[in-house]
Amino acid sequence: MPPQSRSTPDLHDSATPGTDAGTHHPGLIVAVFVVASCGLAYELIAGALASYLLGESVLRFSTIIGTYLFAMGVGSHLSKYVDEKALLARFIDIELMVGLLGGLSACALFLIYAWAGSPFRVSLYALVLLIGVLVGMEIPLVMRLLHQRKQAFEALVSRVLTFDYLGALAVSLLFPLVFAPLLGLARTAVVFGLLNAGIGLWLTHRYRAELPQARALKLRGLLVLAVLLAALAWAQKLTDAAEAGLYGDSVVHRETTPFQRIVLTRWQDDTRLYLNGNLQFSTRDEHRYHEALVHPALAALPQARRVLVLGGGDGLAVREVLKYPQVERVTLVELDPAMTRLFRDTDDLAALNAHALRDPRVTTVNADAAQWLETAEGPGWDLIVADFPDPSHYALGKLYAVPMYRLMARHLAPGGLIVVQSTSPWYAPRAYWCVDATLREAGLHTAPYHASVPSFGDWGFLIAAREAGYRPPSALPAGLRHLDARTVAQMFDFPPDMRAPAVEPNRLNTQMLVHYFEEDWSRQMR
Amino acid sequence: MKRRDFIAGTGALAALPWLAGCTPAAPLVTVLRPGLREGHALREAAALPPPSGELRCGVAILGSGVAGLTAAWRLAREGRRDVLLVDGPEPDGNAAGSMLGGIACPRGAHYLPLPDPGLVHVRELLADLGVLTGGLRDDAPEYDEQALVHPAAERTLAGNTWHEGLLPTSTAADAAAAARFNADMAAWSARRGGDGRPAFALPLAASSGDPTLRALDRQTFARWLEEAGHTHPPLRHYIDYAMRDDYGARPDAVSAWAGLHYFCCRRGRARNAEAGAVMTWPQGLSALTAGLRRVAAVRTLSGHAVALSERRSTVEVMVQTADHRTVTLVADRVICAMPLHVARHIDPALADALPRTALPETAPWLVANLLLDGFPHERPGADLAWDNVVLGGQGLGYVVATHQLTRVARPAATVFTAYRAGWGDAGEARRWLASASEAELLEFALADLDAAYDHRWHNRLRRAELVLRGHGMAIPAPGFLDAPARALRDRGGRVLHAHADLGGLSLFEEASWWGERAARQLLG
Ligand SMILES: Cc1cc2nc3c(=O)[nH]c(=O)nc-3n(C[C@H](O)[C@H](O)[C@H](O)COP(=O)(O)OP(=O)(O)OC[C@H]3O[C@@H](n4cnc5c(N)ncnc54)[C@H](O)[C@@H]3O)c2cc1C
């Protein structure tokens, strides 16, 4: 936590007294520290919130920061117009306003997103702009205030800068390590709002002699403080309600990991997993997806002993794999340890995958699956399940390119199969058939099939093998809910309105898949 | 923007010592000056310990840059097994690579454009290394897509936003100037001389000798651009960047012939990539030098040559080994694959033929490998690309070493390689490099990143490896086509020379061509 107003840091180390900025006005210098901390905090909060709610984190984060910096520039320009005589009073006003707006920013955004939906982006950027302008005014005003109080300019600049930096540093470390995980975004924002308001109030008190309207200011300050304290008390309830509104159901688990935001919701018997706001599964129909992902391939491999699952830390694919008694070893490679921990150690969640991740046949590796595969050794796999995120940008598109499939093929045991989740052949037909073309370009024989998963729509998969001759299985393990020999056979049928369009394979250097995927889905979104 | 200006004005580096006191720690800085000590010792003719041994070989290759390694590869391919390679002070030379925090990155050259059919040796070499995967003799062969640059390839910071590509086209005026320039270059690219050869080709020696074209070598590129009306400032920023990036000098110090050559010499195509595509590897072109070493499987001596003398049927080379012994190398033939300013001190035939003043000026370069424990926050606009250039910036931008990797998530750490060249007068720039403190060098290296990111990116910086190349490359100044160094090509005797310096353009294809040529001459 940044130091509070009473514990003034020792500022007398080097310069001679009198010329040393801050000697007579330590309060203002402390204000710089707090102001800098808060300024950065609001920016980080808005950025983090936007990427959790909207996804596409890098782009979102960078546009937020860009807007914020721009607004700060505007603010510092506007600060010129603040009347020299009312400098301190205006500064205090700004502190109170920043405190109020910044402090309530996260709560407000959560609520808007959950209940208002569409104007979210506009509100987000408007709020970021507004806070940015106000924050941008702060430092120039402090500089002028100190200047008014006859501080030597050079010493002043360096002092202010030092504390500006220190404040930024403190928050950039504390935000991801302490605040966000401990308090959550909404309460973190309120805490910083309280700091801003606190500075406003404290300055009102300290300089009450100079301030003609000290009482009015104080009153305003106390009001803001009261609102923020109320918000602090209610923030959690508010965001819970908002997240529930957002996801429709009540949130039973939320966690921010270095990789993603994990949210689990439950309503009656329906549990849903969202990663960065994107639905991963609903227990109502996940069996359709996971049965379709695993059985058409694995039931056709009576000799299968070793199965590799890439992605899918929820363990649901592994659950299906374990239905084959002849399978001796399953290796699950999932990036996020929090995911595998959650689905192994939390009883009600582990129940969803039938405690698959605790099965002695299963080994869990927390690593980047692509990197892991590059260096993996040992005998080949009879089945490789590639359950990667959709190819929505260039980095993910590479997981669906020719070299990746060649690499997987090298890790296959003789007669082994690969199965790839490959987006929707209905919504994104060119993307789906591009994955097929890519597997064939990698020298593999493919068998395209699809299943209806109500939460996602018609969903596509591809089985690929080094040798031709794959036949859909005629017998399946007992206890499946969606698949039997007849539905499996039907999955391989594509009606005339779903025939393969002409597409190019996905190459690392052209990334056609990402283009197809983007274009196909944006056509759906109209 | 007051608050940001403070930050930029005082330099975010001013805060580094401050940050050092807290966490994160200041980056660990290493400064490398490859070849500096050995080169200066040669210049000052420092005394040597007496020879402690003698080695025999058929061919001694002195220098293991692209030229030396290509020669070694060609000799091996033709069945010569009696070759000894003397690495010199920097194995792989300007194409060397590095490893920072487990991440491979370049220390110099980092990309190679698609070679056109005339560059037979480059294509053969790429085929041997498994980079060219089919259609060796086709107009458009197939290349390993792992090596072809993945999107997004390039972006430019102009104003406050990143734009895709290098050539600025965001306003109508920019686009018009760019289109006119491109059309002009396309016309020059198609142009042939009176002798029927292309005006500009690689290897340089395949370019037309037509005097009207060669006359371009008598003026500066800046002058030529003025006269041709290519004066739109954003376009000029781009051209200025291109010249500094490839020749280490600004258009006013570069021959118009060389300037046009840069834009018009490349016509390579690929079956599986767009025209104009380039190839790169995380470790830069050291992927190719490493490949050449592997394929050539040549015996290597770690040390550098200090003198050579031609006997009646042999050449004696004095080599100072890495463990400070002096060894006499007795070879039938020698390929001298070191820069000319070094070769002058070693090959007595050169001392007179090539007075110091006859050598072209060389451009100093600074290559900075920066290990980051995460990706900095980006400003609005185009996403992080492989090559990231600040339009009108002080440096030459930065490339991302992890760009070509396939990963489910962004790697936890990466290396950005920032380049600087072509600042001020070459001699002064070199002196500055020699005298600047570590902190000054670091600040200098980070200029473009400081322009691209808000100061907090420094919190991500863990290590910095600064590679100082005082004589990075010969500058193709006006008149370079007739430089006396060209006489060396046909020095005759038992000693052959091979280095990019011989042609005067520092490019992989050129360096490699001189190695190829020396090997061919030697094979007869
Ligand atoms: C920073 C930088 C970036 C570049 N980027 C690119 C690029 O992206 N693409 C491209 O095509 N080109 C690029 N170039 C140019 C390219 O790297 C060079 O043209 C090429 O590597 C030169 O190879 P070379 O063999 O002629 O000489 P050098 O690389 O100069 O090699 C000389 C060799 O001689 C050895 N040597 C020196 N002294 C002695 C001695 N006394 N005894 C024995 N050996 C000795 C050295 O150890 C070294 O191995 C770049 C150059 C620089 C400097």
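Student: Is there a simple way to think about the interface of chain A and chain B in this case?
Tutor: For interface size, the figure often reported is the accessible area lost on association. Contacts between the two partners involve 50 residues from chain A, matched on the other side by 42 residues from chain B. It is Y165, K398 and N509 of chain A that lose the most area in chain A upon contact with chain B, and together they represent 18% of the buried surface on that side. Linking chain A with chain B are three salt bridges. At the junction of chain A with chain B, the criterion picks out nine residue pairs in polar contact (both at pLDDT 80 or more). Sorting the residues of the side of chain A that touches chain B by element identifies helix 1 (26–54), helix 2 (57–78), helix 4 (120–148), helix 5 (153–206), helix 11 (369–375), helix 12 (394–397) and helix 13 (402–410) of chain A as the ones contributing at least two each. In terms of residue class, the side of chain A that touches chain B is built from 31 nonpolar, twelve polar and seven charged.

Student: Can you help me understand the pairing of strand 3 (residues 270–275) of chain A in this one?
Tutor: Across a regular strand the side chains alternate sides, sitting on one face of the sheet and then on the other. Residue and element names in this part refer to chain A. With respect to burial, strand 3 is a largely interior element, five of its six residues being buried. Between strand 2 (residues 261–267) and strand 3, which pair antiparallel and follow one another directly, the connecting turn spans two residues, one of which, Q268, has a positive phi of 50°. Of the pairings in the sheet, the one linking strand 3 to strand 4 (residues 278–282) comprises four bridges and is antiparallel in character. By the bridge assignment, R272 is partnered in strand 4 with S282. Here strand 3 folds back onto strand 4, and the loop between the two strands holds two residues, one of which, N276, carries a positive phi near 50°.

Student: What is the right way to read the site of the ligand from this model?
Tutor: Residues and elements named next belong to chain B. Residues in contact with the ligand amount to 37 residues; listed here are only the nearest, A67, E90, N94, Y111 and H499. At a separation of 3.1 Å, an oxygen atom of the ligand approaches a polar backbone atom of H110. Measuring from an oxygen atom of the ligand, one finds a side-chain N or O atom of S506 at 2.8 Å. Calculation on the ligand without its partners gives an accessible area of 1000 Å², and the protein chains cover 95% of this total. Elements with a minimum of two residues in the shell around the ligand: helix 4 (66–77), strand 13 (303–310), strand 16 (362–372), strand 20 (461–474) and helix 17 (508–523). Classifying every residue of the shell around the ligand by side-chain character gives 21 nonpolar, twelve polar and four charged. Both domain 1 (37–107 + 282–359 + 481–523) and domain 2 (149–190 + 220–254 + 361–475) contribute no fewer than three residues apiece to the shell around the ligand.

Student: I would appreciate a short explanation of the sheet that holds strand 9 (residues 154–158) of chain B in the present structure.
Tutor: Backbone-to-backbone hydrogen bonds pair the strands of a sheet. The strands run either parallel or antiparallel. Residues and elements named next belong to chain B. With mixed pairing, the eight strands of this open sheet are ordered in space as 1-20-16-19-18-17-9-10. The outermost strands of the open sheet, each flanked by one partner alone, are strand 1 (28–32) and strand 10 (161–164). The average undirected angle you get between the axes of adjacent strands in this sheet is 20°. The pairing of strand 16 with strand 20 spans ten bridges and is antiparallel. Along strand 20, the bridge assignment pairs V367 with V467. This element, helix 9 (residues 233–247), spans strand 16, strand 17 (387–390), strand 19 (414–421) and strand 20 of the sheet and lies at about 95° to strand 16. Its contacts with the sheet place helix 15 (residues 438–445) against strand 1, strand 16, strand 19 and strand 20, and it is angled at close to 85° to strand 20.

Student: Just checking my understanding: could you explain the sheet that holds strand 10 (residues 445–453) of chain A for this structure?
Tutor: Residue and element names in this part refer to chain A. Here seven strands make up an open sheet; going across it, the order is 7-6-5-8-9-11-10 and the pairing mixed. The outermost strands of the open sheet, each flanked by one partner alone, are strand 7 (362–365) and strand 10. For this sheet, the mean angle separating the axes of adjacent strands, direction not counted, is 15°. Sheet topology note: the strand 5 (residues 306–310)/strand 6 (residues 329–333) ladder contains five bridges and is parallel. Bridging across to strand 6, V307 finds its partner in V330.

Student: Could you clarify how one ought to interpret the confidence of the model for chain A in this entry?
Tutor: In regions of low pLDDT, the predicted coordinates are not meant to be interpreted in detail. Summarising the model, chain A shows a mean pLDDT of 86, and 89% of its residues fall at 70 or more. Long-range and interchain partners of residues 1–23 of chain A, a stretch whose pLDDT sits below 50, account for 38 contacts in this model, where long-range means more than four residues apart.

Student: Looking at this structure, how should I read unusual backbone geometry?
Tutor: As a rule of thumb, non-glycine residues mostly have phi less than zero, and peptide bonds are mostly trans rather than cis. Each neighbour pair has its own omega, and for P151 of chain B with A152 of chain B the value is -5°, a cis peptide bond. Inspection of the secondary structure puts A152 of chain B in the loop between strand 8 (142–143) and strand 9. The amide bond that connects L202 of chain B to the next residue, P203 of chain B, takes the cis arrangement and shows omega of -5°. Its place among the elements puts P203 of chain B in the loop between helix 6 (172–190) and helix 7 (211–214). A positive phi angle, near 55°, is found at H355 of chain A, a position not held by glycine. Looking at the element boundaries, H355 of chain A is found in the loop between helix 10 (347–352) and strand 7.

Student: Just to check I follow, could you spell out the pattern of salt bridges for this structure?
Tutor: If charged atoms from side chains of opposite charge come close, those side chains can pair. Applying the stated criterion to the full structure yields 51 salt bridges over all chains. When the shortest N-O distance is used, the salt bridge between D93 of chain A and R90 of chain A registers 3.2 Å. On the criterion of helical spacing, the pair formed by D93 of chain A and R90 of chain A is a turn pair, its members being three residues apart in helix 3 (residues 87–116). Through salt bridges with shared partners, one network takes in R74, R77, E78, E124, D128, R137, E516 and R520 of chain B.

Student: Help me understand the packing of aromatic side chains in this model?
Tutor: In this description, a pair of aromatic rings is defined by centroid distance and the angle of the planes. One pass over the full model with this rule turns up 30 aromatic pairs over all chains. Both rings, one in Y470 of chain A and one in F492 of chain A, keep their centres 5.8 Å apart while their planes meet at 40°; by these two values the pair is tilted. In this pair, Y470 of chain A sits in the loop between strand 11 (457–465) and helix 15 (485–491) while F492 of chain A sits in the loop between helix 15 and helix 16 (512–524), placing the two residues 22 residues apart along the sequence. In this structure, Y470 of chain A and F492 of chain A share a single accessibility class: buried. Following the ring pairs from residue to residue traces out a cluster consisting of F181, W188, F200, F221, W224, Y238, Y247, W257, Y262, F263 and F480 of chain B. Sitting over the ring of W162 of chain B, R155 of chain B keeps its end group 3.6 Å from the ring centre. One cation-aromatic arrangement involves R410 of chain B over F375 of chain B; the distance from NZ or CZ to the ring centre is 4.2 Å.

Student: How do you make sense of the environment of D448 of chain B when you look at a structure like this?
Tutor: Residue and element names in this part refer to chain B. Structurally, D448 is set in helix 16 (residues 447–452). Linking D448 and A46, residues 402 residues apart in sequence, is a C-alpha distance of 40 Å. If we skip the residues at most four places from it in the chain, D448 touches V390, G393, Q394, G395, L396 and G397.

Student: Would you explain the packing of helix 4 of chain B against helix 11 (residues 286–296) of chain B in this entry?
Tutor: When two helices pack together, you describe them by how their axes are tilted relative to each other and by the distance separating the axes. All names here are of chain B. Between helix 4 and helix 11, the shortest axis-to-axis distance is 9 Å and the interhelical angle comes to 30°. The orientation of helix 4 with respect to helix 11, classified from their angle, is roughly parallel. As for the relative orientation of helix 4 and helix 11, their crossing is left-handed in sense. Counted together, V66, L69, T70, A72, W73 and A76 of helix 4 and T289, L292, R293, V295 and A296 of helix 11 form the full contact between these two elements.

What counts, and where the lines are drawn
Residues numbered from 1 in each chain as written. Chains lettered and ligands numbered in written order. Predicted model: local features only at pLDDT ≥ 70, side-chain atom pairs only at ≥ 80, totals over all residues. Heavy atoms only, no water. Contact = heavy atoms within 4.5 Å. Buried area = accessible area lost by both parts, 1.4 Å probe. Salt bridge = Lys/Arg side-chain N within 4 Å of Asp/Glu carboxyl O. Polar contact = N/O pair within 3.5 Å; in protein donor to acceptor, adjacent residues only side chain to side chain. Helix = DSSP H or I, 4+ residues; strand = E, 2+ residues; numbered from the N terminus. Nonpolar A, V, L, I, M, F, W, Y, C, P; charged D, E, K, R; others polar. Buried < 20%, exposed > 50% of the residue type's maximum accessible area, 1.4 Å probe, protein only. Pairing = 2+ DSSP bridges. Near = heavy atom within 4 Å. Areas by Shrake-Rupley, 256 points an atom, 1.4 Å probe, with all protein chains shown as cover. Domains from an automatic or database assignment. Axes fitted to C-alpha atoms, helices over the stretch in contact; angles between N-to-C directions. pLDDT = per-residue confidence, 0-100. Phe/Tyr/Trp six-rings, centres within 6.5 Å; stacked < 30°, edge-to-face > 60°. Lys NZ or Arg CZ within 6 Å of the ring centre and 35° of its normal. Parallel < 35°, antiparallel > 145°, perpendicular 65-115°, else oblique. Left-handed = near helix turned anticlockwise from the far one by under 90°.

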